[in-house]
Amino acid sequence: MGDVNEIGSYPGTPRPASAAATPPISAPPSQFHSPSLTRSPLLSADDHIQPATTKTSKNVTPRIRTPRFITPLGSPIRRALKLTRLDPHDAWLPITESRNGNAYYAAFHTLCSGIGIQALVLPVAFTILGWSWGIIALTLAFIWQLYTLYLLVQLHESTETGMRYSRYLQLCGAAFGERLTKWLAMFPIMYLSAGTCVTLVIIGAQSCQLFFDTICGGTCSAQPPTTVEWYLIFTSAAVLLSQLPNLNSIAGVSLVGAITALGYCTLIWVVSLAEGRMPGVSYNPVRGRTEVIRNFDVLNALGIIAFAFRGHNLILEIQATMPSDEKHPSRVPMWKGVKVAYTLVAMCLFPLAIVGYWAYGQMIPADGGMLTALFAFHGQDTSEFILGLTSLFVIISGLSSFQIYAMPTFDDMESLYVKKKKKASPWWLRAMFRAFFGYIVFFVAVAIPFLASFAGLVGGISLPVTLAYPCFMWLKIKKPKVFGLKWWLNWSLGLLGMALSGILIAASLFVIIDRGVEVSFFNP
């Protein structure tokens, strides 16, 4: 390209002939603001944008219209003529290659990722905390995590730098630095992605077996698959569904997953309510042998409640699928979608916890929670249609949730190829990556089928991602007034979240050691 025209002030000011030319300006592509489903590359480091050459008089400065795609977020950057260079690989990666999302897509993805099988064990926490403290703890946790969700939505795009942080780890890196991010956030984020997929395979395979037994019962002459074969069937279905190319392309899958999650949660608590309380039900909180055990039991119960709220590690990724500019920032439709999604989440979690504890009390099974209780206590007096439909909804919801939780891992795997080859992954390599991840998850699920027994421990490990890190990132990036209300609020919540995480991890380990876990490697 030719030299860039010099931009002067009006009226024109004479310049010496030896003045250096203004350096070329780099800018993000139009796909950033006018997204499409194409996979064309972004501007490379050697690309430049220059205005068209126009003939002007000596006293008139040529006016150059700024293209819409020049500034991500607008006026502060445009006034300073400082343009942000985006990662040129984003147009080729599954999370960011399509930016045509909207509030509906955000609601579908957020609801599908925010509610799941972990909600069914909430009554187990009530057996330790009792009615009053159980409801108080659940309410406070819900408000706290909704506040940190709001912080993440606001932090996704910066009006100061024009950057969009499209992944949770990117935002952590901007706030804490790359080295500290690897220590603080890498493992919890990896677990919340891959570990959740392992749990979904375990629960999904068990639900497949329940569905088969419910529909066939003693009438089928066919030999039912073994437990490992059910694991393989569920994993193969998940791998097949994972071939959809990017996060926006699975919006329909997330919608189906959200509907089925709402369906089985509602069916379970409605059936439990209709059947009434179990004979001899007791609401006296479980008490340990010693004061230390009792305290650790309480903390483990808090970990179970924390584990019920998930999906914060995916919020930035979901918001990255939306277009954004200075007039229509992505945080507006994203927050609308989040509010709708979490209204529905609350309509599931609170009835499940309250009705489940009311119906079963101390009899609620620790392994499987409400789903296990439904089949154990009402399997004979509930219609096969309701039982089969509940199992089917759990299976479909698990397959849908697998897609959105695996997407960050797919994104990481493809980024290795994209950064090395400077081009998009071919379809066959993308299929191989996703099949490889799916069957690695299958292997881990078969090897460690008791992973779901560590709900309290997992809740403690992942708690900072949900309740603490967003507060610290807000303080670091937004820099609120020192000793102001927002300053005190975020410091208090961040420090309390970190302290709770450490205490919950210790308490969960103590409970596991004290009570033991039935370990059965490679024996699901």
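Residues numbered from 1 in each chain as written. Predicted model: local features only at pLDDT ≥ 70, side-chain atom pairs only at ≥ 80, totals over all residues. Heavy atoms only, no water.

In the nomenclature of an unreviewed UniProt entry, the chain is known as Amino acid transporter transmembrane domain-containing protein of Hibiscus sabdariffa. According to UniProt, the comment filed for the chain under the heading Subcellular location (unreviewed entry) is "Membrane". (UniProt positions renumbered as here; feature names shortened; annotations may be inferred.)

**Concerning the environment of Glu229**
Considering the arrangement of structural elements, one finds Glu229 in helix 7 (residues 227-241). Relative accessible area serves as the criterion here: at 40%, Glu229 is assigned to the partly exposed category. C-alpha of Glu229 to C-alpha of Gln209: the two residues are 20 residues apart in sequence and 10.0 Å apart in space. (Helix = DSSP H or I, 4+ residues; strand = E, 2+ residues; numbered from the N terminus. Buried < 20%, exposed > 50% of the residue type's maximum accessible area, 1.4 Å probe, protein only.)

**Concerning the side chain of Ser391**
Its location among the elements puts Ser391 in helix 13 (residues 384-421). A relative accessible area of 2% places Ser391 in the buried class. Setting aside its immediate chain neighbours within four residues, Ser391 contacts Ser207, Leu210, Phe211 and Phe375. (Contact = heavy atoms within 4.5 Å.)

**Describing the packing of helix 2 (residues 103-114) against helix 11 (residues 331-360)**
The geometry of a pair of packed helices is captured by two quantities: the angle between their axes and the separation between those axes. Across the interface, helix 2 lies against helix 11 with an axial gap of 8 Å and an inter-helix angle of 40°. Taken together, the axes of helix 2 and helix 11 are oblique relative to one another. Crossing of helix 2 against helix 11: the hand is right-handed. Residues Ala103, Ala106, Ala107, Thr110, Leu111 and Gly114 of helix 2 lie in contact with helix 11, whose contacting residues are Pro333, Met334, Lys336, Gly337, Val338, Ala341, Tyr342, Leu344 and Val345. Of the residues assigned to the contact of helix 2 with helix 11, the class counts are 11 nonpolar, 3 polar and 1 charged. (Axes fitted to C-alpha atoms, helices over the stretch in contact; angles between N-to-C directions. Parallel < 35°, antiparallel > 145°, perpendicular 65-115°, else oblique. Left-handed = near helix turned anticlockwise from the far one by under 90°. Nonpolar A, V, L, I, M, F, W, Y, C, P; charged D, E, K, R; others polar.)

**Describing the environment of Leu244**
In this structure, Leu244 sits in the loop between helix 7 and helix 8 (251-275). On the basis of relative accessibility, which here comes to 30%, the residue Leu244 falls in the partly exposed class. Distance in space between the C-alpha atoms of Leu244 and Ala431 is 9.4 Å, their sequence separation being 187 residues. For Leu244, the residues in contact, after removing those within four places along its chain, are Ser249, Ile250, Val253 and Arg434.

**Describing the packing of aromatic side chains**
Scanning the entire structure with this criterion turns up 18 aromatic pairs. Plain terms: the ring middles of Phe402 and Phe437 are 6.2 Å apart, the flat faces sit at 50° to each other, and that makes the pair tilted. In this pair, Phe402 sits in helix 13 while Phe437 sits in helix 14 (residues 427-447), placing the two residues 35 residues apart along the sequence. With a relative accessible area of 1%, Phe402 lands in the buried category. Note on Phe437: relative accessible area 7%, which makes it buried. (Phe/Tyr/Trp six-rings, centres within 6.5 Å; stacked < 30°, edge-to-face > 60°.)

**Some points on the pattern of salt bridges**
On inspection of all chains with the given rule, the structure shows 6 salt bridges. The salt bridge involving Glu157 is made with Arg331; its shortest N-O contact spans 3.8 Å. Of this pair, Glu157 sits in the loop between helix 3 (122-155) and helix 4 (168-176) while Arg331 sits in helix 11; the two residues are 174 residues apart in sequence, bridging distant segments of the chain. In this structure, Glu291 and Arg294 form a salt bridge, with 2.8 Å as the shortest nitrogen-oxygen distance. One end of the pair, Glu291, and the other, Arg294, are both in helix 9 (residues 291-307), 3 residues apart, so they sit about a helical turn from each other. With relative accessibility at 26%, the residue Arg294 sits in the partly exposed group. Among the charged side chains, a network of salt bridges with common partners joins Glu97, Glu414, Arg430 and Arg434. (Salt bridge = Lys/Arg side-chain N within 4 Å of Asp/Glu carboxyl O.)

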